[in-house]
Amino acid sequence: MKPVTLPSGWKLFAALAGLTLAMTAVVLASQPDPDGLRSAIRATARSSFALFLLAFLASSLVTLLPGAHSRRILHERRYLGLAFAFSHTVHGVLIYRYAQQFPELFWANRTVASSLPGTLGYLFLLLLTVTSFKAPMRLLGGRTWQALHSTGMWLLAAVFCLSFYKRIPMGGWYPLAFALMFSAITMKLTAKLARQQRRHARAIS
């Protein structure tokens, strides 16, 4: 019996994008609006968060938990990031549809100011997606590209963290999501410190 081979590269992206669309379609079909839209928004928020965590922690996992699995995640980081962008675009389209169809529900307990972090997050998501391809990467140059993607990923992490923190009183999965995001940030900083210590140790050896 041959071992199951997981997709890689663009096949991995296509598989994850297809799963996102299938999940969204099933959720929308299972409930009438507006409940179906709200459920689909929550579902795509979760799929986006899971994919973001993998892309955000890819290099940290290799540093702190070296092995074949962490190296595979790092190798597929670009496609995981693009799958996150796809899932979150679907999430954004669903939010827009909800706002258009049910504006009184959408704007209840919501202000333009409270929407600014999410809007900024989508702006950076667009920048990160566009610059994930070779021509924009060459145009920016390695150092600028690295600075943009590092800044963008940290900003998205902060947006996720703030969004989950504000919703902790609602219960459900939000306390767990906030704990996961906070732990991921801690792990990222720990891995960065570990790499700095290793470079320092090599420099003085």
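Reading the values: rules and limits
Residues numbered from 1 in each chain as written. Predicted model: local features only at pLDDT ≥ 70, side-chain atom pairs only at ≥ 80, totals over all residues. Heavy atoms only, no water. UniProt positions renumbered as here; feature names shortened; annotations may be inferred. Helix = DSSP H or I, 4+ residues; strand = E, 2+ residues; numbered from the N terminus. Buried < 20%, exposed > 50% of the residue type's maximum accessible area, 1.4 Å probe, protein only. Contact = heavy atoms within 4.5 Å. Areas by Shrake-Rupley, 256 points an atom, 1.4 Å probe, with all protein chains shown as cover. Lys, Arg positive; Asp, Glu negative; His and termini not counted. Charge placed at Lys NZ, Arg CZ, Asp CG, Glu CD. Expected span 1.5 Å × (residues − 1). Arc of directions from axis to C-beta. Patch = residues over 30% accessible without salt bridge, like charges linked within 9 Å, V, L, I, M, F, W, Y side chains within 5 Å. Salt bridge = Lys/Arg side-chain N within 4 Å of Asp/Glu carboxyl O. Phe/Tyr/Trp six-rings, centres within 6.5 Å; stacked < 30°, edge-to-face > 60°. Axes fitted to C-alpha atoms, helices over the stretch in contact; angles between N-to-C directions. Parallel < 35°, antiparallel > 145°, perpendicular 65-115°, else oblique. Left-handed = near helix turned anticlockwise from the far one by under 90°. Nonpolar A, V, L, I, M, F, W, Y, C, P; charged D, E, K, R; others polar.

The protein is annotated in an unreviewed UniProt entry as Ferric reductase-like transmembrane domain-containing protein from Pseudomonas oryzicola. Quoted verbatim from the Subcellular location (unreviewed entry) heading of the UniProt record, the comment on the protein is "Membrane".

Let us look at the overall build of the protein. Helix and strand counts for the protein come out as nine helices and zero strands. Secondary structure elements of the protein occur, N-terminal to C-terminal, as α-α-α-α-α-α-α-α-α. Taken along its principal axes, the extent of the C-alpha atoms in the protein is 65 × 50 × 40 Å. Counting over 205 residues, the protein shows a buried share of 36%. Nonlocal contacts in the protein, meaning residues at least 24 apart in sequence, comprise 72% of its contacts between residues at least 6 apart. Surface exposure of the protein reaches about 12500 Å², of which carbon and sulfur atoms provide 69%. For the protein, the separation between the mean place of its 22 positive charges and that of its 4 negative charges on side chains is 23 Å.

On to helix α6 (residues 116-130), then. Between its terminal C-alpha atoms α6 stretches 21 Å, which fits the 21 Å expected from 15 residues at 1.5 Å a residue. Within α6 the residues assigned to the buried category are Gly-121, Phe-124, Leu-125 and Leu-128. Projected down its long axis, α6 shows its buried positions confined to an angular sector of 110 degrees, all on one face. Seen from the buried face of α6, the exposed residues on the opposite side, beyond 90 degrees, are Leu-116 and Leu-126. If you follow the buried residues of α6, they end up packed against α4 (77-101) and α8 (142-166).

Let us look at a nonpolar patch on the surface. On the surface, Leu-120, Leu-123 and Leu-127 cluster together into a nonpolar patch covering about 240 Å² of accessible area. In this structure, Leu-127 sits in helix α6. Residue classification places Leu-127 among the partly exposed residues on the basis of a relative accessible area of 36%.

Turning our eyes to something else, we now look at the environment of Gln-196. Looking at the element boundaries, Gln-196 is found in helix α9 (residues 174-204). Of the residues examined, Gln-196 reaches a relative accessible area of 38% and is grouped as partly exposed. Along the primary structure Gln-196 and Ile-95 are separated by 101 residues, whereas in three dimensions their C-alpha atoms are 41 Å apart.

Look at the UniProt record and you will see "domain: Ferric oxidoreductase" (unreviewed entry) annotated at residues 46-158. Within the segment residues 46-158, helix and strand shares are 84% and 0% respectively, and the terminal C-alpha atoms sit 16 Å apart.

This part is about unusual backbone geometry. In this structure, the amide linkage connecting Asp-33 to the following residue, Pro-34, adopts the cis form with an omega of 5 degrees. As for its placement among the helices and strands, Pro-34 is situated in the loop between α1 (10-30) and α2 (35-64).

Each aromatic ring pair is specified by the distance between its two centres and by the angle formed by the two planes. Scanning all chains against the criterion turns up 20 aromatic pairs. Geometrically, the ring pair formed by Phe-49 and Trp-173 is edge-to-face, given 6.1 Å between the ring centres and 70 degrees between the ring planes. Within this pair, whereas Phe-49 is found in helix α2, its partner Trp-173 is found in the loop between α8 and α9, the two being separated by 124 residues in sequence. Overall, Trp-173 belongs to the buried group, its relative accessible area being 18%. Aromatic pair Phe-52 and Phe-56: ring centres 5.3 Å apart, planes at 15 degrees, arrangement stacked. Of this pair, Phe-52 and Phe-56 both sit in helix α2, separated by four residues, roughly a single helical turn.

All right, on to the packing of α1 against α4 then. Between α1 and α4, the shortest axis-to-axis distance is 8 Å and the interhelical angle comes to 25 degrees. As summarised for this structure, α1 and α4 are arranged roughly parallel, according to the angle between their axes. Note that α1 runs across α4; the crossing there is right-handed. Touching Trp-10, Leu-12, Phe-13, Leu-16, Ala-17, Thr-20, Leu-21, Thr-24 and Leu-28 of α1 are Arg-78, Tyr-79, Leu-80, Leu-82, Ala-83, Phe-86, Ser-87, Val-90, Leu-94 and Arg-97, all from α4. Classifying every residue of the contact of α1 with α4 gives 14 nonpolar, three polar and two charged.

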